[in-house]
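Each chain, written out:
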Amino acid sequence: MKLWFSLSTFALLLISVAEVLAQSPRRVIIDTDPGIDDAMAILLALNSPELKVEALTVVPGNVEGWQGLENALKITSLAGRCDLPVAAGAQHPLNQKLITAQFWHGKNGLAGVELPASKCKPDARFGPDLIIELVHKYPHEITLIPVGPLTNIALAVSKDPSIVPLIKDIVIMGGSISGGNVNGAAEANIYGDPEAASIVFNAGWIVTMIGSDIGERTLITRKELSQLQAMHGPESDFVYKLADFYLTRSEKSGYSGAAMYDPLAVATVIDPTLVTLKAMHVDVETKGEFTRGETVANRMGSDENNVLHGDHYEIEGVVELKPNAKVCVASDAERFLQLFISRIKGK
């Protein structure tokens, strides 16, 4: 009887420990190029108890690196989070010139909204080095959330490949399996540094890919904008101004709403049930004249095996491909927007 009691008590203890661990916030690093939707994503993360943001690392993309760092520091200052390390990373892509997107994000990347000077100071460490340091500090606990070009992540894994098996998860905003938003083939973050993206997809981990094709079906509209307008707080007022600019710009380009690209990636880490994922093998095109930066997703799980017979090839079965990605193929847009609004509300 005593033995039964002891074993039962031990089993209950294990269950309790498992429940505590399951409820513990997930440690995340957000690699970002702020950016309107980046700013929304950062504030969503900082206001979500499911996440413990360990650092922001800044990559050039929507704006130049120096501007992105300034924006990240102002956002963390607005949120009262000067305890959070914010580190500059690469200042240019690996193998091409930087392409910025003030056309969509405004001259300063934040819709022209001038936040107060930041009370926060930048971390002196190089962004990729900070990623490496934190992954080793918290092995198997860190989820990377890159929502800009993948330059910093590529530099980190190239410098220290040992971090790959130590990463809990990597959830990127990037790519598409049904055409791009830069041109007919490529999504902006992958197009911004295709060589870096190729390194990341081939690093040996499983990349969760939240693509622009799904972001463009997850739209913030005037309905949500009116909800934001009714709220009053430093963060919600800021998000309203960002969303108004972003939505107006999108409407002028013929869209019915503004794509919530980066916030959806963060929301996927908060609540994975918001999206539907499918295992695929994804390659990044780095050489194509019309397709550079395209994420080529193999939905069949195999390639045909073409074998030379005399002067021609014949198909002899297929070559199986190992998945390297979980690709987002759908989202629950309404539930995502409810989550986003509720987390920003009154902040």
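Scroll up to find the structure this text is about.
Residues numbered from 1 in each chain as written. Predicted model: local features only at pLDDT ≥ 70, side-chain atom pairs only at ≥ 80, totals over all residues. Heavy atoms only, no water.

A few words now on the side chain of T268. On the secondary structure map, T268 appears in helix 12 (residues 261-270). Overall, T268 belongs to the buried group, its relative accessible area being 6%. In this structure the side chain of T268 is engaged in a polar contact, spanning 2.8 Å, whose partner is the backbone oxygen of L264. Not counting residues up to four positions away in its chain, the partners in contact with T268 are V171, I210 and V275. (Helix = DSSP H or I, 4+ residues; strand = E, 2+ residues; numbered from the N terminus. Buried < 20%, exposed > 50% of the residue type's maximum accessible area, 1.4 Å probe, protein only. Polar contact = N/O pair within 3.5 Å; in protein donor to acceptor, adjacent residues only side chain to side chain. Contact = heavy atoms within 4.5 Å.)

Counting across every chain of the model gives 2 aromatic pairs. When the centroid spacing of 5.1 Å and the interplanar angle of 90° are considered together, the rings of F103 and W104 count as edge-to-face. Ring plane angle 25° and centroid distance 6.3 Å describe the contact between F336 and F340, whose orientation is recorded as stacked. Note that F336 and F340 are positioned in helix 13 (residues 333-344) at a spacing of 4 residues, about one turn of the helix. Just as F336 is buried, F340 falls in that class too. The ring of Y138 carries R27 above its face, with NZ or CZ at 3.8 Å from the centroid. Taking NZ or CZ as reference, R249 lies 5.3 Å from the ring centre of W104, over its face. (Phe/Tyr/Trp six-rings, centres within 6.5 Å; stacked < 30°, edge-to-face > 60°. Lys NZ or Arg CZ within 6 Å of the ring centre and 35° of its normal.)

This brings us to the pairing of strand 2 (residues 51-58). Within strand 2, 7 of the 8 residues are buried, which leaves it mostly tucked inside the rest of the structure. On the question of chirality, the crossover connecting strand 1 (residues 26-32) to the parallel strand 2 by way of helix 2 (residues 36-46) is right-handed. Direction of pairing for strand 2 relative to strand 3 (residues 86-88): parallel, over a ladder of 3 bridges. When the bridges of strand 3 are listed, V58 appears paired with A88. Each parallel crossover has a hand, and for strand 2 linked through helix 3 (residues 65-78) to strand 3 it is right-handed. (Right-handed = clockwise from strand over helix to strand, strands pointing away. Pairing = 2+ DSSP bridges.)

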